[in-house]
Structures are given as C-alpha cells and as structure tokens.
Amino acid sequence: MKMNHNFSNIAQSYLFSTIAKKVADYTAANPDKQVIRLGIGDVTLPLPQVAIDAMHAAVDEQSKQGSFRGYGPEQGYDFLKESIQAYYGMRDTQLELDEIFVSDGAKSDVGNILDLFDKDNVVLVPDPVYPVYVDTNVMAGRKIIYMNANESNGFLPLPDPSVKADIIYLCSPNNPTGAAYDRAGLKAWVDYALANDAVILYDAAYECFVSEDLPRSIYEIEGAKNCAIEFCSFSKTAGFTGTRCGYTIVPVQLEREGMNLNKMWLRRQTTKFNGVAYIVQRGAAAIFSEEGVKQVQENLNYYRENARILAEAMDELGIWYTGGKNSPYIWLKCPKGMESWEFFDYLLENANVVGTPGAGFGENGKNFFRLTAFGNRENTIEAVNRIKKLLS
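Note that the structure is predicted; figures quoted are calculated from it, not measured.

(A) Spatial organisation of the environment of glutamate 74. Among the secondary structure elements, glutamate 74 is positioned in the loop between α2 (49-62) and α3 (78-89). Taking relative accessible area as the criterion, glutamate 74 reaches 23% and is therefore assigned partly exposed. When near neighbours in sequence (up to four residues on either side) are disregarded, glutamate 74 contacts Val102, Gln269, Thr270, Phe273, Asn274 and Gly275.

(B) Highlighting the nonpolar core. Counting residues in each nonpolar core, the largest one holds 58 residues, and the members touching the most others are Ile168, Ile200 and Phe240. Filtering out sequence-adjacent residues up to four positions away, isoleucine 200 remains in contact with Ile168, Leu170, Trp189, Val190, Ala193, Ile218, Cys227, Ala228 and Ile229. By size, the runner-up hydrophobic cluster in this structure holds 40 residues, among which are Trp331, Phe343, Ala373 and Ile387.

(C) Geometry of the packing of helix α11 (residues 340-351) against helix α12 (residues 377-391). Between α11 and α12, the shortest axis-to-axis distance is 10 Å and the interhelical angle comes to 105°. Taken together, α11 and α12 sit at an angle that is classed as roughly perpendicular. Every residue of α12 that contacts α11 at Phe343, Tyr346, Leu347, Asn350 and Ala351 is listed here: Arg386, Ile387, Leu390 and Leu391. By residue class, the composition of the contact of α11 with α12 is 7 nonpolar, 1 polar and 1 charged.

(D) How the structure looks around the pairing of strand β12 (residues 329-333). Here β12 lies mainly inside the structure; 4 of its 5 residues are buried. Bridge count between strand β11 (residues 321-323) and β12: 3 bridges; the pairing is antiparallel. Its bridge partner being in β12, glycine 323 is matched across the sheet by isoleucine 330. Here β11 hands over to β12 after 5 residues, with glycine 324 in that stretch at a positive phi of 90°. Pairing analysis gives 5 bridges linking β12 to strand β15 (residues 368-372), with the strands arranged antiparallel. Within the sheet, the bridge partner assigned to lysine 333 lies in β15 and is phenylalanine 368.

Rules behind the numbers
- Every residue gets a number counted from 1 within its own chain, in the order that chain's sequence is written.
- With the structure being a predicted model, the display of local features is reserved for residues of pLDDT at least 70 and the display and counting of side-chain atom pairs for 80 or more, all residues being used for whole-chain, interface and lining totals.
- Side-chain calculation: all heavy atoms of the structure are included, whereas hydrogens and water are not.
- Starting at the N terminus, helices and strands are each numbered in turn, a helix being any DSSP run of H or I of at least four residues and a strand any DSSP run of E of at least two.
- Classification of residues uses two cut-offs on accessible area relative to the type maximum, computed with a 1.4 Å probe and protein chains only: under 20% is buried, over 50% is exposed, and between them is partly exposed.
- Should any heavy atoms of two residues lie within 4.5 Å, those residues are counted as being in contact.
- By nonpolar core is meant a set of buried Ala, Val, Leu, Ile, Met, Phe, Trp, Tyr and Cys residues that side-chain atoms within 4.5 Å join together.
- Simply put, an axis is a line fit to the C-alpha atoms, just over the touching stretch for a helix, and the angle between two N-to-C directions goes from 0 to 180 degrees.
- Roughly parallel means an angle under 35 degrees; roughly antiparallel, over 145; roughly perpendicular, 65 to 115; everything else is oblique.
- Note on residue categories: nonpolar means Ala, Val, Leu, Ile, Met, Phe, Trp, Tyr, Cys or Pro, charged means Asp, Glu, Lys or Arg, and polar means any other residue, Gly included.
- Here, strands pair whenever DSSP counts at least two bridges between them.

In short, shape yes, function no, at least from these values alone.
As structure tokens, this is what we get:
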C-alpha cells in the first residue's frame with residue numbers, strides 16, 4: 001500500500017478550523033462576552049423568497065407520479081443553464097449551453113478541475129491567496145510559484161514575463177483582499193496566458209458585488225475563451241451557502257495539446273459527479289426572474305451597506321485597506337505594526353470581534369487582516385464601534 005504523501009505537505013488544520021477553535025476556547029473561558037464574528041465569508045440573510053417558492057414547488061413536483069424526477073443531467077438542467085446564458089448575455093458575453101456546467105459550488109470545481117491537468121504543470125497563484133488554490137495543488141504534488149500581491153500594487157499583481165507558468169489562478173473581486181482587476185489588468189493576464197500556452201482558472205464568485213465599471217467575467221476580455229475557465233457561485237449572489245449551487249464555464253474552443261478541455265470536463269463530470277438536486281436548481285433558476293433579480297439586489301445592497309460602514313471606519317481611523325466597494329471584504333493593514341495573528345488575539349480579547357488573519361492566506365498577508373460585510377447590520381455597527389473605541 002502506498003499513500004499520497006503530498007498530504008504531509010499541507011497544513012494539518014484548515015485556516016477557518018483554527019479560527020473556530022480559538023474562538024470556541026475564548027468563549028468557553030469567557031461565557032459572559034458577546035463575540036461578534038466578522039471572519040468567515042458566510043452570508044446571514046435568508047434565501048430570496050422567489051428561490052424558496054420555487055423550491056417548494058419543486059418539492060411538490062417530486063411528490064407526484066407525473067412530475068417526479070430522478071437522476072438529472074450531471075452538467076445541469078437546461079432551464080438553469082439557459083438562465084445563466086441569458087445572465088451573461090445581458091453583459092454582451094455570449095455562451096453556448098454546452099459551455100455551462102452546473103455544480104455544487106465553486107470551491108468543489110476549483111479543486112476538481114485539476115483532474116484535467118498533468119501534475120507536472122507549474123502553478124502560479126497570488127500571495128495572499130484563497131487556501132484552496134494552494135492546498136489542492138499541493139495534494140497533487142504540483143510545483144507552485146507565487147505572484148507578489150502587496151500594498152504597492154494594490155494587491156493586483158500583473159504578469160512577469162520572466163516567469164513561466166502553466167496554470168494561473170486569478171480571483172476578482174479577490175478573496176481575501178477585495179481588490180478587483182480593471183480590463184487592462186485582465187487583458188495583460190489573458191495576453192500572458194496566450195503567449196505561454198497557459199490556462200487561467202478565474203474565480204468570479206464575487207462578481208455580483210462589482211459596482212464600478214469593472215469586468216465581471218473574464219470573457220469580457222478578447223481572447224479569454226482560448227485560455228480561461230471561469231467559476232461562479234450562487235453562494236454570495238443569492239445566499240446559497242447552505243443550499244450549494246454554482247457553475248463553471250469551459251469554452252468549447254479551449255484546447256491544449258490537441259485535447260478539448262470542454263469535452264474533458266464533460267467526461268469528468270459525467271463520471272465523477274451526480275449533478276445538483278433538481279429542487280436546488282429550480283431555486284437557483286428563480287433568482288434570474290424579474291422578481292428574483294430585485295430580491296437578490298436588495299440582499300446585495302444590505303451587504304454593500306455593511307461594507308461601506310466598515311470602510312468608513314477604516315477611513316476615520318486612518319487605516320490602509322482595499323475592498324469595501326466592489327467586494328464584501330475589507331482587507332486592512334494591521335495597526336500598530338502588529339502581525340495578523342497578534343491582531344486577531346488583540347481584537348478578540350479586547351473588542352470581542354473576530355476577523356480573519358491575513359497570514360492564513362500567505363506570507364504577504366502576515367501584516368493584514370480581513371473583515372467581512374456578511375454579518376447582520378446591528379452586529380456590524382456594534383463591531384465597528386468596538387473597533388473604533390479600541391483603536392482610536
């Protein structure tokens with residue numbers, strides 16, 4: 001028996017598991033303290049009513065012989081794929097139905113897509129970075145190199161022509177930094193990928209928070225369909241974090257070494273994935289209706305206001321940050337020269353507020369800290385008041 005010893009090369013505890021344990025230990029020792037969590041990026045508002053109504057109707061369908069549905073298509077029902085296709089079409093991005101693959105979330109697909117690539121490919125990721133990008137490649141034994149995202153470039157690194165990479169991870173708006181690329185920035189990456197015969201894995205899970213004139217899909221950039229796969233999710237768009245539904249776009253013309261990645265992904269999904277539940281897909285499709293769009297925007301505006309409140313507090317305190325406008329995250333520079341885990345403990349113990357230490361996202365995050373706008377309004381305001389009192 002031989003095991004995959006690459007697992008020995010990843011941290012034994014996932015970042016948010018470590019945070020959860022520290023908070024649990026603190027609350028057990030201080031049961032009288034009200035801890036406000038602005039750490040993990042989970043939503044707090046309930047699902048839009050249109051999604052609930054659609055899922056109830058789908059449950060009723062499953063109770064009747066004439067409308068019962070068993071196994072569905074692994075790549076998703078056409079009624080949902082057509083809604084996604086129309087959503088992209090509203091921004092002048094044309095997709096074929098066969099390019100859209102419905103999944104149980106972007107996180108799963110970001111890891112599973114690696115089945116398409118040989119382990120000898122060189123992977124380029126930003127630092128700081130969403131841990132899943134790194135850990136899934138370490139598990140497979142791939143070589144990883146890092147692009148330098150930092151304060152001076154606004155945590156939006158551009159390609160280095162002297163670096164040769166095969167797989168490139170981009171996330172915009174970014175998790176954890178909240179920074180978002182403009183068209184010129186994404187065009188530079190598309191040009192680099194095409195010149196190096198590389199593939200961009202583009203995480204667009206937070207595209208719905210873009211409020212300025214910035215790209216919401218990499219396919220808004222000419223040439224991207226020849227070098228990029230895009231991942232998106234209903235988790236942050238419509239609160240599906242507990243319902244699980246997302247989608248991945250694999251262009252039909254994307255090929256490497258004579259192999260078509262769209263056909264490869266279809267084969268992979270039909271072999272290893274059973275598809276998303278019909279009931280969930282009905283709920284997801286409902287958010288694209290006229291009333292669904294309205295209800296989703298109401299929820300997004302709620303979180304945007306939370307982000308504004310957090311950003312305004314950073315401005316008052318004179319703390320450098322990114323995010324907060326096109327993103328639900330505030331990525332702030334730790335005050336008083338503290339490192340991120342030190343600031344985590346300081347904030348927890350003195351303000352009873354939980355955030356996410358930047359060090360958990362990479363070396364470049366060690367002096368930075370992430371706060372999320374996904375809390376409720378009352379807690380967000382209370383957390384801001386506590387932070388301002390502590391740091392003023």
